Amino acid sequence: RKVRRMNLVSPTGKEVSIGSTLQPDEYIGMCRREILDKYIRDRAIEYGAECVNGLVTSIDVPENHKVNEEPYTIHYQEYQEGTSVGVPKTMEVDYIVGGDGANSRVAKAMDAGLYNFAIAFQERIKIPDEKMEFYEEMAEMYVGDDVSPDFYGWVFPKYDHVGVGTGTVVNRPAIK
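Quick summary incoming for the structure in this document.

For strand β6 (residues 72-78), a buried count of five out of seven residues is recorded, marking the element as mostly surrounded by other parts of the structure. Relative to β6, strand β5 (residues 54-60) runs antiparallel, the two sharing six bridges. Looking across to β6, one finds that Asp60 is bridged to Thr73. As paired elements, β6 and strand β7 (residues 87-93) share seven bridges and run antiparallel to each other. Of the residues in β7, the one forming a bridge with Glu78 is Val87.

Rendered as structure tokens:
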């Protein structure tokens, strides 16, 4: 979905229209993660990446990994279609791309250090077509403590529904 306008709503209810500076060929892209993730995965495979259905259990980080070119060793459980038990395996790699979310097992395993992340909750809501027309090129963002103490709430249009959510960047490790 190509959004060309965004309505930002302040804690006092004041609304600011964002998007008036966009050129006719510019937009704010909205996507569904499962579709984007599949596209990126398929594109990586097309360019030679090996796709493994696995769960990383640990990563051996080479000494002085920031200045040498020794490979990383990934230890993981590989899962075959239709099985629920993984087979332990290892793989040597030059690069690691961890695309496994905010509480990244990959980042923890390779000791990537502390980093800020957001925890978000979103619900997909199917609304009648006549109401969906309002969101044809419009997204909404809400800021304020009543929505989130340090983040924002949103209504983002998707293909045939809206995503409505909120989040926080407050460090609460117990949030699962």
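Having seen it, we continue.
Applying the stated criterion to the full structure yields four aromatic pairs. Here the aromatic rings of Trp154 and Phe156 are separated by 5.8 Å at their centres, their planes lie at 20 degrees, and the arrangement is stacked. Pair check on accessibility: Trp154 and Phe156 agree, each one buried. Following the ring pairs from residue to residue traces out a cluster consisting of Phe151, Tyr152, Trp154 and Phe156.

What follows covers the sheet that holds strand β11 (residues 162-168). One open sheet accounts for six strands, arranged β3-β2-β9-β10-β11-β8; its pairing is mixed. Every interior strand has two partners, whereas the edge strands, β3 (15-18) and β8 (119-125), have only one. For this sheet, the mean angle separating the axes of adjacent strands, direction not counted, is 20 degrees. Sheet topology places β8 next to β11; seven bridges connect them, and they run antiparallel.

Here Leu55 is to be found in strand β5. What makes Leu55 partly exposed here is its relative accessible area of 34%. Considered as a pair, Leu55 and Val87 are 32 residues apart in the sequence and their alpha carbons are 10.0 Å apart. Residue contacts for Leu55: discarding those within four places in its chain leaves His75, Tyr76, Gln77, Tyr79 and Arg105.

This paragraph deals with the sheet that holds β7. One open sheet accounts for three strands, arranged β5-β6-β7; its pairing is antiparallel. On the outer flanks of this sheet lie β5 and β7, each paired with one strand and no other. In this sheet, neighbouring strand axes are inclined to one another by 25 degrees on average, regardless of whether the strands run parallel or antiparallel.

Below, the discussion takes up the pattern of salt bridges. One pass over the structure, following the stated rule, counts four salt bridges. Glu137 is the salt-bridge partner of Arg4, the closest N and O atoms lying 3.4 Å from each other. Placement of the pair is Arg4 in the loop between β1 (2-3) and β2 (5-9) and Glu137 in the loop between α3 (129-132) and β9 (138-142), with a sequence separation of 133 residues. The class for Arg4 is partly exposed, based on a relative accessible area of 28%. Between Arg124 and Glu34 there is a salt bridge, with its nearest N and O atoms 2.7 Å apart. Here Arg124 is found in strand β8, whereas its partner Glu34 is found in helix α1 (residues 33-46), with 90 residues between them in sequence. Classification of Arg124 as partly exposed rests on a relative accessible area of 43%. The partly exposed category is assigned to Glu34, whose relative accessible area is 36%.

Calculation rules
Residues numbered from 1 in each chain as written. Predicted model: local features only at pLDDT ≥ 70, side-chain atom pairs only at ≥ 80, totals over all residues. Heavy atoms only, no water. Buried < 20%, exposed > 50% of the residue type's maximum accessible area, 1.4 Å probe, protein only. Helix = DSSP H or I, 4+ residues; strand = E, 2+ residues; numbered from the N terminus. Pairing = 2+ DSSP bridges. Phe/Tyr/Trp six-rings, centres within 6.5 Å; stacked < 30°, edge-to-face > 60°. Axes fitted to C-alpha atoms, helices over the stretch in contact; angles between N-to-C directions. Contact = heavy atoms within 4.5 Å. Salt bridge = Lys/Arg side-chain N within 4 Å of Asp/Glu carboxyl O.

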